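Structure at a glance
Each chain is listed here by its residues.
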Amino acid sequence: MSRGESSGSDSPLVTLEAVRSAAARIAGTARRTPLLQARCGERPNLWLKAFAARMFGVRATIVMPVDAPAVKLEATRAMGATVEQVGTTSSERGARALEILHEQGGTMVPPFDHPEIIAGQGTVGLEIVEQLVDAATRREADSPGVGQVLVPIGGGGLISGTAAAVRALAPEADVIGVEPEGAAAMQASLAAGRPLTLDRVDTIADGLKPVRPGDLTFQHCRELVKEVVTVTDRAIREAVVWLFRERLVVEPSGAATVAAVLSGSVQPIPGKATVAVLSGGNIEPGLLAEWLVG
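Given the structure is predicted, the values throughout are model-derived calculations rather than measurements.

About the thresholds
Residues numbered from 1 in each chain as written. Predicted model: local features only at pLDDT ≥ 70, side-chain atom pairs only at ≥ 80, totals over all residues. Heavy atoms only, no water. Helix = DSSP H or I, 4+ residues; strand = E, 2+ residues; numbered from the N terminus. Contact = heavy atoms within 4.5 Å. Areas by Shrake-Rupley, 256 points an atom, 1.4 Å probe, with all protein chains shown as cover. Axes fitted to C-alpha atoms, helices over the stretch in contact; angles between N-to-C directions. Parallel < 35°, antiparallel > 145°, perpendicular 65-115°, else oblique. Expected span 1.5 Å × (residues − 1). Buried < 20%, exposed > 50% of the residue type's maximum accessible area, 1.4 Å probe, protein only. Arc of directions from axis to C-beta. Core = buried A, V, L, I, M, F, W, Y, C linked by side-chain atoms within 4.5 Å. Left-handed = near helix turned anticlockwise from the far one by under 90°. Polar contact = N/O pair within 3.5 Å; in protein donor to acceptor, adjacent residues only side chain to side chain. Pairing = 2+ DSSP bridges. Right-handed = clockwise from strand over helix to strand, strands pointing away.

1. Remarks on the overall build of the chain
Within the chain one finds 11 helices and eight strands. Intrachain contacts of the chain at a sequence separation of at least 6 include 71% that bridge at least 24 residues. When the accessible surface of the chain is split by element, carbon and sulfur atoms take 51% of a total near 14300 Å².

Given below as structure tokens:
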């Protein structure tokens, strides 16, 4: 099936209607984050999209890996959640989450491979298209049309939802995934034609370290995403520093998209906007300071 082609009524892909329904449910709760234009050397049409999630006033237990950064653990606990650290892979954490669900009851919220998770994350795609169209209507910042949208890939939920919305609203636009070289599970899976499990992952981008993409997210990427590129850890560090100097604190996982632009892994489209989704601002202050002086 070609990219963007309808697969019929029985398609497992999340629809634009599902994304819009998710947007309506979170209206007034989730903050609509800004789309910022950045002047980046010879890349004048680089736009930056920040993504944030707000916690509801309900009891939450978050299962995180044993090597999760302290800043993420502290931030999660500060919001009132209980944190359990288990293993280093999504499957290990998923198994423990199911145990907790059985022991305590509640609702399971999977990290990425679920249609409602994908639909919710697709609201990022809605915002990107709507904000660029709105900017163009008001003739702000010489706003161009959407040329390509870069999204970091961990398990693939964010890019799946974003692609579902962007490809429906701006079918001429390309959606490109970005993975670290040391954790390129989606790229390897797409090349093989099926979800693969990596033997190991090694990257500073802790949020992009699943060893296997989801079955559903794999299908979305196969049908809606133009390509998946990789970036080095060095390029990610340089992107974190560059973004900080643009007054944006972004963790390595969220900065991977900008790393793809700065390193040349993704080339701009003349006259069109390249939108880089930034997801996550949890970076150890000491580590950021080290990179800034290094």
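2. Section: the packing of helix α9 (residues 233-245) against helix α11 (residues 285-293)
Put simply, α9 and α11 touch, their axes get as near as 10 Å, and they point 90 degrees apart. When the interaxial angle is binned, α9 and α11 end up roughly perpendicular. Contacts between α9 and α11 pair Arg237, Val240, Val241, Phe244 and Arg245 from the former with Leu288, Trp291 and Leu292 from the latter.

3. A look at helix α3 (residues 90-104)
Its 15 residues place the ends of α3 21 Å apart at the C-alpha level, agreeing with the 21 Å of an ideal helix rising 1.5 Å per residue. Looking only at α3, the buried set comprises Arg93, Arg96, Ala97 and Ile100. Viewed end-on, α3 has its buried residues packed into an arc of 105 degrees, placing them on one side of the element. For α3, the exposed residues lying more than 90 degrees away from the buried face are Ser91, Leu98 and His102. Two residues or fewer after α3 comes Gly105, characterised by a positive phi angle close to 80 degrees.

4. Some words on the nonpolar core
Counting residues in hydrophobic clusters, the biggest one holds 29 residues, and the most contacted among them are Leu150, Val178, Val231, Val240, Leu243, Val258 and Ala260. Of all elements in the fold, only β6 (174-180), β7 (227-231), α9, α10 (252-262), β8 (272-279) and α11 reach the threshold of two or more residues within this core. Leave out the neighbours within four places in its chain, and Val240 touches Val250, Glu251, Pro252, Ala255, Ile283, Leu288 and Trp291.

5. A look at the packing of helix α7 (residues 185-192) against helix α8 (residues 215-224)
Packing of α7 against α8 brings their axes to within 10 Å, and their N-to-C directions diverge by 70 degrees. Relative to α8, the element α7 is oriented roughly perpendicular. The way α7 lies across α8 gives a crossing that is right-handed. Side by side, α7 and α8 meet where Met186, Ser189 and Leu190 of the first sit next to Thr217, Phe218, Cys221 and Arg222 of the second.

6. Quick look at α10
Taking burial as the measure, the 11 residues of α10 include 10 buried ones, the bulk of the element. Listed in full, the buried residues belonging to α10 are Pro252, Ser253, Gly254, Ala255, Ala256, Thr257, Val258, Ala259, Ala260 and Val261. The positive-phi residue at the C-terminal boundary of α10 is Gly264, with phi of around 90 degrees.

7. Description of the side chain of Ser253
If you trace the backbone, Ser253 turns up in helix α10. Classification of Ser253 as buried rests on a relative accessible area of 3%. At 2.7 Å, the side chain of Ser253 forms a polar contact with the backbone nitrogen of Gly207. The residues touching Ser253, leaving out its near neighbours within four places in the chain, are Pro152, Ala205, Asp206, Gly207, Leu208 and Ser279.

8. Re unusual backbone geometry
For Arg247, which is not glycine, the phi dihedral falls at a positive 70 degrees. Topologically, Arg247 is positioned in the loop between α9 and α10.

9. Re the pairing of strand β5 (residues 145-152)
Across the eight residues of β5, seven count as buried, placing the element largely inside the fold. Direction of pairing for β5 relative to β8: parallel, over a ladder of five bridges. Looking at β8, one finds that Val146 is bridged to Ala273. Pairing of β5 with β6 involves five bridges; the strand directions are parallel. Of the residues in β6, the one forming a bridge with Val151 is Gly177. Once you follow β5 into helix α6 (residues 157-169) and on to β6, the crossover reads as right-handed.

10. A few points about the environment of Leu224
Looking at the secondary structure, you find Leu224 in helix α8. On the basis of relative accessible area, Leu224 is assigned to the buried category, the value being 9%. Distance in space between the C-alpha atoms of Leu224 and Asp174 is 8.7 Å, their sequence separation being 50 residues.

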